[in-house]
Structures are given as C-alpha cells and as structure tokens.
Amino acid sequence: MGVVKVHIDVATPKHPEASIMIIYTGGTIGMVLDEDSRHLVPFNFSQILQKVPELKQYQYMLTVVSIEPAIDSSNVSIADWMMMVRLIEENYDAYDGFVILHGTDTMAYSASAVSYMLENLQKPVIFTGAQVPIGRVRTDARENLITALQIAATKVEGESAVPEVCIFFHNLLLRGNRAKKVESTQFSAFKSENHPALAKAGINIDYNCTAIMPHTGRPLKVHYDMDYRVAILKLFPGITPYVVKSILTSPELRGVVLETYGAGNAPTTPWLLELLSEAIGRDILILNVSQCDEGRVDQGHYETSRYLLEMGVIGGADITTEAAITKLMFVLGQQLPQSKTKELLMKDLRGEITLL
Ligand code: ASP
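Positions within a chain are numbered from 1, following the residues in the order the chain's sequence is written. Given that this is a predicted model, residues contribute local features only at a pLDDT of at least 70 and side-chain atom pairs are listed and counted only at 80 or more, while totals for whole chains, interfaces and linings are drawn from all residues. Side-chain descriptors were evaluated using all non-hydrogen atoms of the structure, hydrogens and water having been removed beforehand.

Chemist: Would you take a moment to explain the overall build of the protein chain for this structure?
Modeler: From N to C terminus, the protein chain includes nine helices and 21 strands. The size measure is the radius of gyration over C-alpha atoms, and the globule rule it meets is 2.2 Å times the number of residues to the 0.38 power. Relative to a compact globule of 356 residues, whose C-alpha radius of gyration would be 21 Å, the protein chain shows 21 Å and is just as compact. Taking the principal axes of its C-alpha atoms as reference, the protein chain extends roughly 70 × 50 × 35 Å. When accessible area is computed with a 1.4 Å probe and restricted to protein chains, residues below 20% of their type maximum are described as buried, those above 50% as exposed, and intermediate ones as partly exposed. Of all 356 residues assigned to the protein chain, the portion counted as buried reaches 53%. Once local pairs closer than 6 in sequence are excluded, the contacts in the protein chain between residues at least 24 apart make up 75%. Throughout, the Shrake-Rupley method with a 1.4 Å probe supplies accessible areas, and for residues the shown protein chains are the sole cover considered. With the model as given, the accessible surface of the protein chain reaches about 16,000 Å², and the carbon-plus-sulfur share is 51%. Counting rule applied: Lys, Arg positive; Asp, Glu negative; His and chain ends not counted. Where a charge lies is defined by one atom per residue type, namely NZ (Lys), CZ (Arg), CG (Asp) and CD (Glu). Across the protein chain, the centroid of the 31 positively charged side chains sits 1 Å from that of the 40 negatively charged ones. The numbering of helices and of strands both runs from the N terminus, where a helix is a DSSP run of H or I of at least 4 residues and a strand a run of E of at least 2. Residue contacts are counted whenever heavy atoms from the two residues lie within 4.5 Å of one another.

Shown next, in the form of structure tokens:
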C-alpha cells in the first residue's frame with residue numbers, strides 16, 4: 001500500500017475559506033474508461049479539476065491523497081481503516097475537514113469503524129462515493145463530491161457544522177454508523193432508518209441541528225486496536241445445529257452479532273439455546289441485532305427473546321449490523337475486563353444506538 005499526495009489550491013489569489021483533505025480509496029466513483037474506451041480503470045485523482053471544473057468556483061485549499069492501489073471496497077480491511085484513521089490523525093490540525101472517497105458496497109462498515117476509532121471528533125469526516133463512475137456523463141460522482149466538500153467546509157460560529165463521521169450520498173447526509181446501503185442501482189443508495197438525516201441537500205443544504213452530535217471540546221483520541229475475532233450469525237427458519245455450532249466454535253472467536261427476527265426474537269429450540277449459552281459460558285459475547293432495518297431489539301418482550309436475555313445475550317437496541325460488528329471489533333480491541341466490555345457494548349459510544 002502506498003500514498004500519493006497532491007495539493008490543489010483553487011482559492012488563489014484569494015485567501016482559502018477552508019482546507020480539506022480528500023482521501024481517495026477506490027470504488028466506482030474513481031473509475032474512467034481506458035484509452036480504447038473498453039474498460040473502467042481507476043482515475044488519477046490528482047487531475048480532479050479536469051473532471052470537476054466546478055471546484056474552481058470554491059475558495060478551498062484541497063489536498064488529494066490517493067491510496068494505492070485503489071480498491072473495490074469489497075476488499076476493504078481493518079488495515080485500510082487504520083490507514084484512513086492515521087491520515088486523519090496526522091493531518092487533523094492542518095485541515096478543516098476530511099472527505100473519504102470510498103466504494104459504496106462496504107461504506108457503512110468503514111464509516112462505522114472509523115467513527116469508533118476517532119473519539120471526540122470535532123471536525124467532519126465525510127464518506128462519499130458514486131453509483132456511476134466520475135468519467136461517465138450521467139455520473140452522480142460530481143454532485144456527491146461537491147456537496148460533501150461543501151459540508152466538510154461549513155462552519156457555524158467558527159466550529160465545524162458536523163463534527164461527525166458521516167456518509168453523504170445523493171441528497172442525504174447520514175450519520176455513518178446509522179447508515180446502510182439499500183440500493184445497488186438507484187442513486188439514493190443509503191438510508192438511516194433509526195436516526196434522522198443530519199442534513200438534506202436540495203436548493204440549500206438544510207442541517208438538522210438537533211440530530212447532529214454536539215462539540216465536546218475534548219481533544220481527539222485515536223484508537224487503532226480492532227479485534228478481528230468476530231462473526232455474524234444470521235438466523236433463518238431451518239438453520240441447523242451444524243451451521244450454528246461451526247460458527248460458535250470457530251477458533252479464537254470472541255464476539256458474535258446474532259441477527260435475529262423482529263424485536264430480537266429467536267427460535268426456542270433447545271439445541272440453539274444450549275449452543276448459545278455454552279458459547280457465553282466460554283466468554284464469547286453475543287450481541288442481538290434485528291434483521292429489521294427499522295425498530296429495535298427488546299429482549300424479553302416476547303417469550304422467544306426472554307431466554308436470550310436470561311442467558312446473557314446483550315440487546316443491541318436499534319443498532320445496524322454494520323455498526324454492531326465494528327463496535328464488537330472496537331470494544332474487544334480495548335482489552336478490558338469482560339464486565340467492562342459488556343458495559344461498553346450496551347453504551348451509546350458514537351451515536352450508534354438510541355438508549356431508552
Ligand atoms: N463495488 C464498488 C465498491 O464498493 C461499488 C461502488 O463503489 O459503488 O467499491
């Protein structure tokens with residue numbers, strides 16, 4: 001992995017209104033047709049002004065950092081999250097905001113992970129991408145990039161308008177750890193069912209101030225330890241003991257996101273309850289997340305979830321699977337005593353859950 005850095009000053013001769021670092025990781029947004037117009041290949045983002053000349057109308061100081069090789073986000077790894085976070089940490093004081101260009105497929109996972117890794121964030125970190133490559137005529141890349149930059153540059157009374165890790169896509173600014181990719185063909189690719197949009201971009205960008213995290217005023221604290229020893233177990237009618245057992249007994253496992261039905265319900269069949277309770281007995285943390293996009297886990301509401309509550313499965317409230325699996329990685333990475341780890345899982349760390 002390498003990094004190529006290019007500074008673009010579109011403000012000169014005026015004083016720049018904002019300085020923004022663009023971190024290009026890959027994905028559809030950065031694709032253009034190759035010389036014989038047959039294949040999509042990654043675009044050299046240092047030439048961004050050729051593709052998005054509208055940027056010249058802003059008085060921004062831009063630095064484009066391209067991570068090489070650019071990746072399809074299906075290949076994103078914990079090491080890539082660490083690289084993004086390191087770039088932000090090293091450049092935090094020099095920039096007003098950060099825009100991360102990323103493939104849409106795993107953007108919600110990356111935005112969730114980065115939100116946990118950056119504690120006390122006071123500046124915007126905005127993930128965006130596109131459904132249609134920047135080199136195509138009907139691309140959504142230009143709009144997404146321009147609006148993401150504008151949001152990253154916006155300040156209210158000297159402070160960043162959105163001191164959060166977010167996803168901007170189509171016309172919505174969403175909290176990163178609340179977002180989910182819901183569309184693979186339409187431009188409106190992301191939704192956040194359990195937390196309102198932080199802003200909507202129409203003729204103006206309307207910020208929903210009550211939905212945005214307040215500034216804490218505390219110094220940025222960066223975390224790099226993410227534990228990879230986690231799994232997602234999605235229940236379905238007909239699931240067999242072999243499948244459940246193979247996941248719950250996989251070597252080194254420390255935490256599982258259990259994707260249940262509705263309000264956190266699971267079959268009451270004894271073999272399942274025994275396997276889950278035996279895993280908890282081996283100190284494996286089990287976080288109950290609903291397969292429904294909207295609503296919340298309420299363990300004990302139905303008999304089919306009461307057993308889970310009684311054996312020590314942790315209720316995930318209204319968290320998304322993307323935010324839950326990365327929260328497990330983050331919390332387990334802290335190497336805390338088991339009771340403290342459980343406590344952190346139940347806590348709202350970065351606005352990822354609504355506590356009632
Ligand atoms: N496969 C691509 C990616 O996630 C899709 C996209 O960027 O929209 O990298």
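On we go from here.
Chemist: In this structure, what is going on with the packing of helix 5 (residues 241–248) against helix 6 (residues 270–281)? I would like to understand it.
Modeler: It is the contact of helix 5 with helix 6, at a shortest axis distance of 10 Å, that shows an interaxial angle of 5°. Put simply, helix 5 runs roughly parallel to helix 6. For the pair formed by helix 5 and helix 6, the contact residues are Pro241, Val244, Lys245 and Leu248 on the first element and Trp271, Leu272, Leu275, Leu276 and Ala279 on the second. Amino acids are sorted into nonpolar (Ala, Val, Leu, Ile, Met, Phe, Trp, Tyr, Cys and Pro), charged (Asp, Glu, Lys and Arg) and polar (every other residue, Gly among them). Within the contact of helix 5 with helix 6, the residues separate by chemical class into eight nonpolar, no polar and one charged. Between N-to-C directions, angles cover 0 to 180 degrees, with each direction set by a line fitted to C-alpha atoms, over the stretch in contact for helices. An angle below 35 degrees is treated as roughly parallel, one above 145 as roughly antiparallel, one from 65 to 115 as roughly perpendicular, and anything else as oblique.

Chemist: Sorry, what's going on with the sheet that holds strand 6 (residues 97–101) here?
Modeler: The strands making up a sheet associate through backbone hydrogen bonding, with each pair oriented either parallel or antiparallel. Here the rule is simple: two strands pair whenever DSSP picks up at least two bridges between them. Ordered by their spatial adjacency, nine strands build an open sheet running 1-5-2-6-8-11-12-15-16, and the pairing between neighbours is mixed. Looking at the sheet topology across the chains shown, the edges are occupied by strand 1 (2–9) and strand 16 (205–207). Averaged over all pairs of adjacent strands, the angle between their axes in this sheet comes to 20°, without regard to strand direction. Here strand 15 (residues 199–201) runs beside strand 16; their pairing, made up of three bridges, is antiparallel. When the bridges of strand 16 are listed, Ala199 appears paired with Tyr207. Lying on the sheet, helix 2 (residues 78–91) is in contact with strand 1, strand 2 (18–26), strand 5 (60–71), strand 6 and strand 8 (125–128); it crosses strand 2 at an angle near 165°.

Chemist: I would appreciate a short explanation of the site of the ligand in the present structure.
Modeler: Near the ligand, the surroundings consist of Gly27, Thr28, Asp72, Ser73, Gly103, Thr104, Asp105 and Ala130. For this analysis, a polar contact is any N or O atom pair within 3.5 Å, provided that within protein one partner can donate a hydrogen and the other can accept it, and provided that sequence-adjacent residues contribute only side-chain to side-chain pairs. At 2.8 Å, a backbone N or O of Thr28 approaches an oxygen atom of the ligand. With respect to the ligand, the side chain of Ser73 contributes an N or O atom lying 2.5 Å from an oxygen atom. Here the ligand, which alone exposes 260 Å², has 89% of that area covered by the protein. In the shell around the ligand, the residues fall into one nonpolar, five polar and two charged. Throughout, near means a residue has at least one heavy atom within 4 Å of the molecule or strand.

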